[in-house]
Amino acid sequence: MADVKKEPPRTIDSVLELLGSLGRYQLFQAVLLCIGNLTVCFHLLNYAFIAQPVKQLCAVTPLYGNDTNTDYGKCDVSVRNTTTNVTTTHACSVWTYNMERDHSIEPEWDLVCGNVFFARLPQSLFIVGQGIGAATVSGMSDKFGRKPFLILSHVLTAGAGLALAFSPNIGAFSALRLVNGIFQQGIVVCTYTMIMEAFPRNKRIEISTFYTLSWSASTLLLTGVAYLLRHMDWRTLQLCFVSVSISVFLQIFFMAESLRWLITNNKAKRAIALFKKAAKMNHVDVTDVQIPGIDKKEKPVELSTTKSKYVEAPPEKHTEHVQYSCLDLVRTKFMLKICAVVWFSWLVDSLTYFSLYLTSSSLHDDQYLNFFLNSLAGVPSGPLFWFVGRRWGRRAFFMSFHVLAGLSLILATMVRTFAVGDAASTIATVLAFTGKIGNSACFNAMFVYAPEIYPTNLRSAGIGSGSTAARVGGMLAPFISILADIVPWAPGIIFGVACLVTAGLNYFFPEAEGRELPQTIEDVKAWGKAPAKG
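Computed from a predicted model, the values in this text were never measured in an experiment.

Some points on the nonpolar core
One recurring pattern in soluble globular proteins: nonpolar side chains tend to sit buried together. Grouped together as the largest cluster of nonpolar side chains are 89 residues, with contacts concentrated most on Leu45, Phe49, Ile105, Phe173 and Trp346. With near-sequence residues (within four places) excluded, Leu45 lies in contact with Trp215, Thr219, Leu222, Phe354, Tyr357 and Phe371. Counting 15 residues, the second largest nonpolar core, distinct from the first, contains Ile12, Val15, Ala256 and Leu259.

A look at helix α6 (residues 146-164)
An ideal rise of 1.5 Å per residue puts 27 Å on 19 residues; α6 measures up with 27 Å between its terminal C-alpha atoms. Within α6, burial applies to Arg146, Phe149, Leu150, Ile151, Ser153, His154, Thr157, Ala158, Ala160, Gly161 and Leu164.

Regarding the pattern of salt bridges
For the structure shown, the criterion picks out seven salt bridges. Across the salt bridge formed by Asp110 and Arg101, the nearest N and O atoms sit 3.0 Å from each other. By relative accessible area, which is 37% here, Arg101 ends up partly exposed. Ionic pairing is found between Glu513 and Arg394, a salt bridge with its closest N-O pair at 2.4 Å. Separated by 119 residues along the polypeptide, Glu513 in the loop between α20 (490-505) and α21 (521-525) and Arg394 in helix α16 (residues 394-418) bring together distant segments of the chain. With respect to class, Glu513 is no different from Arg394; both count as buried.

As for the state of the cysteines
This model, assessed by the stated rule, comprises two disulfides. Paired through a disulfide, Cys58 and Cys92 show a sulfur-sulfur distance of 2.0 Å. Across the S-S bond of Cys58 and Cys92 the torsion is about -60°, and the bridge reads as left-handed. Residue Cys58 is found in strand β1 (residues 56-58), and its partner Cys92 is found in the loop between β4 (87-91) and β5 (95-97); the two are separated by 34 residues along the sequence. Each member of the pair, Cys58 together with Cys92, is buried. Linked covalently through their sulfurs, Cys75 and Cys113 form a disulfide whose S-S length is 2.1 Å. Taking the sign of the torsion about the S-S bond as the criterion, the disulfide between Cys75 and Cys113, at about -90°, is left-handed. With Cys75 in the loop between β2 (68-72) and β3 (76-81) and Cys113 in the loop between α4 (105-108) and α5 (116-144), this residue pair connects regions lying 38 residues apart in the sequence. Relative accessible area serves as the criterion here: at 33%, Cys75 is assigned to the partly exposed category. Along the chain, the cysteines that take part in disulfide bonds pair up as 1-3, 2-4, counted in sequence order.

Looking at the packing of α16 against helix α17 (residues 422-453)
Two elements in contact, α16 and α17, have axes separated by 8 Å at closest approach and are oriented at 155°. When the interaxial angle is binned, α16 and α17 end up roughly antiparallel. Crossing handedness for the pair α16 and α17: left-handed. Among the residues making up the contact of α16 with α17, the classes are represented as 19 nonpolar, seven polar and three charged.

Looking at the confidence of the model for the chain
Per-chain confidence: the chain averages 81 in pLDDT, with 86% of residues scoring 70 or above. Per-element averaging of pLDDT across the chain places β2 at the bottom with 75 and helix α9 (residues 234-242) at the top with 94. A low-confidence stretch, residues 296-319 (pLDDT under 50), is modelled with 49 contacts involving residues beyond four sequence positions or located in other chains.

Describing a nonpolar patch on the surface
Taken together, the side chains of Phe28, Ile246, Phe249, Leu250, Ile252, Phe253 and Phe254 present a nonpolar region at the surface, about 690 Å² in accessible area. Looking at the nonpolar patch element by element, the count peaks at five residues for helix α10 (residues 248-254). Looking at the element boundaries, Leu250 is found in helix α10. On the accessibility criterion, Leu250 (36% relative accessible area) is partly exposed.

Brief notes about empty space enclosed by the protein
According to the stated counting rule, one finds four cavities of 30 Å³ or more in the structure shown. In this model, the largest cavity occupies a volume close to 160 Å³. Surrounding the largest cavity, 15 residues form its lining, Tyr25, Ala198, Glu257, Ser258 and Leu259 being those nearest its centre. Elements with a contribution of two residues or more to the lining of the largest cavity: α1 (12-19), α2 (24-44), α7 (170-197) and α11 (259-264). Residue contributions to the lining of the largest cavity peak at four residues, all from α2. Its boundaries defined by the atoms lining it, the second largest cavity holds a volume of some 130 Å³. Lining the second largest cavity are 15 residues; nearest its centre among them are Val40, Val188, Tyr192, Trp215 and Phe447.

Here we look at the packing of α7 against α17
For the pair α7 and α17, the least separation of the axes is 10 Å and the interaxial angle reads 65°. On the basis of their axis angle, the class for α7 and α17 is roughly perpendicular. Pair α7 / α17 crosses with right-handed handedness. Here Val188, Tyr192 and Met196 of α7 come into contact with α17, specifically with Phe447, Val448 and Pro451. A class-by-class count of the residues in the contact of α7 with α17 yields six nonpolar, no polar and no charged.

Details of the packing of aromatic side chains
Going through the model one piece at a time under the given rule, you end up with 22 aromatic pairs. Ring centres of Phe144 and Phe149 lie 6.4 Å apart, and the angle between their planes is 40°; this geometry places the pair in the tilted category. We classify Phe149 as buried; its relative accessible area is 14%. Judged by centre distance (5.6 Å) and plane angle (80°), the ring pair of Phe397 and Phe398 falls under edge-to-face.

Conventions and cut-offs
Residues numbered from 1 in each chain as written. Predicted model: local features only at pLDDT ≥ 70, side-chain atom pairs only at ≥ 80, totals over all residues. Heavy atoms only, no water. Core = buried A, V, L, I, M, F, W, Y, C linked by side-chain atoms within 4.5 Å. Buried < 20%, exposed > 50% of the residue type's maximum accessible area, 1.4 Å probe, protein only. Contact = heavy atoms within 4.5 Å. Helix = DSSP H or I, 4+ residues; strand = E, 2+ residues; numbered from the N terminus. Expected span 1.5 Å × (residues − 1). Salt bridge = Lys/Arg side-chain N within 4 Å of Asp/Glu carboxyl O. Disulfide = S-S within 2.5 Å. Axes fitted to C-alpha atoms, helices over the stretch in contact; angles between N-to-C directions. Parallel < 35°, antiparallel > 145°, perpendicular 65-115°, else oblique. Left-handed = near helix turned anticlockwise from the far one by under 90°. Nonpolar A, V, L, I, M, F, W, Y, C, P; charged D, E, K, R; others polar. pLDDT = per-residue confidence, 0-100. Patch = residues over 30% accessible without salt bridge, like charges linked within 9 Å, V, L, I, M, F, W, Y side chains within 5 Å. Areas by Shrake-Rupley, 256 points an atom, 1.4 Å probe, with all protein chains shown as cover. 1 Å grid on protein atoms, 1.4 Å probe; cavity = no way out; pocket = protein on both sides within 12 Å on 5 of 7 lines; lining within 4 Å. Points joined across faces, edges and corners; volume = space filled by probe spheres on them. Phe/Tyr/Trp six-rings, centres within 6.5 Å; stacked < 30°, edge-to-face > 60°.

Encoded structure:
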């Protein structure tokens, strides 16, 4: 019987397939990256617990004499002189709260009434920091490698989070939240990029489902930790949240650089060494494999034994090491259109996502139950993206779930505004929960879709630019509660209409389902609007 003729793989995806699409090496790397979700989640959403909103009344004070009737409100005191029957109003400077002063930064530093802006500012500065981090770390990881900046971001995020617990005042606290956001976003950008680059096209949607489930698990764990430690002061709670960053040691010692990045940037020796290591861990035997894109002067990868069959690769095409700058994101009309839709979609999804998380009564009046329900609504996002995205494509997924989120949030707002009673309250909660599911699905899926549509040497920069747009929405989210106090129906209507507009814009997305991660802008231009066959 004649030997099966083997040919070298011609694309990076075929190299990853030779290693085994879901081999032990790839899965181990994915688990290490998913563990990083603990750090991202506990530093991003901890604000809902260390800065819990409080109910306050002006403290009773005997300053107004015995011939007065005093009415103590939330922010001022009305004093009526019983002799002259004249009423005067005074702004109060001392309050009593419905919780211990050290259980939240709001009562500890009296961030109520005229100072309520400063209670929302730290989280907005955190989001600003995320935008700065996305714009800086993303470009550096494209140029110098994914792992170094991921590890550095983990370490610095932990340091900033630790310092937060010892903040002497709201000014220092706000500045540290800004720094914390810069480094935390480095984790996000590098992690999403690496996990997408570790798998070939036929497994990306499955691994993205696993990744979003790990995020949901992290938010649920955060809820449980916060509830169990609910009687502790906010500084102790912050130290407990920071402690999850110890997981970085697993990534320092066991995580490898992105093989796709090494190949694209012609890091021949490191790419060949990593390929050998992965093949050994996966128990895959290959021989005379020429890694595509590696300088032809380099020797091909040679392992000890042969494979019984060769995994067929796509037709050969010439591979160039194309170097891009951030300006290439907007240099052409084609890329500008894609980026504009990604930016707007991410902004709307982020604004809605974090507003629902940080608004204590978005689903339920109880702080912990509300956070739990919001976290639970994110669980279906991964499986839904896998089912719909795999069957009908990414565009259909984004369009349909933005419509679901928009209509559900608008209807929930209308029921809460015009209907009364327990039945109406239940219906509104169910509709809001459905809207949260649609919003979570779109928000999480964008972190998967964005790496798929940007070329390798623009991938982190593309994710970073989109993530920066998302930070604008996240920056506005903490102030939504102020708007809700003034016009209760406004947030739901704004979110709903914005989601419907986004659904229409999603029509212009190129379809990434069934296609290899692009190496150049020309690769993206060659895509159509329907999923690739095969």
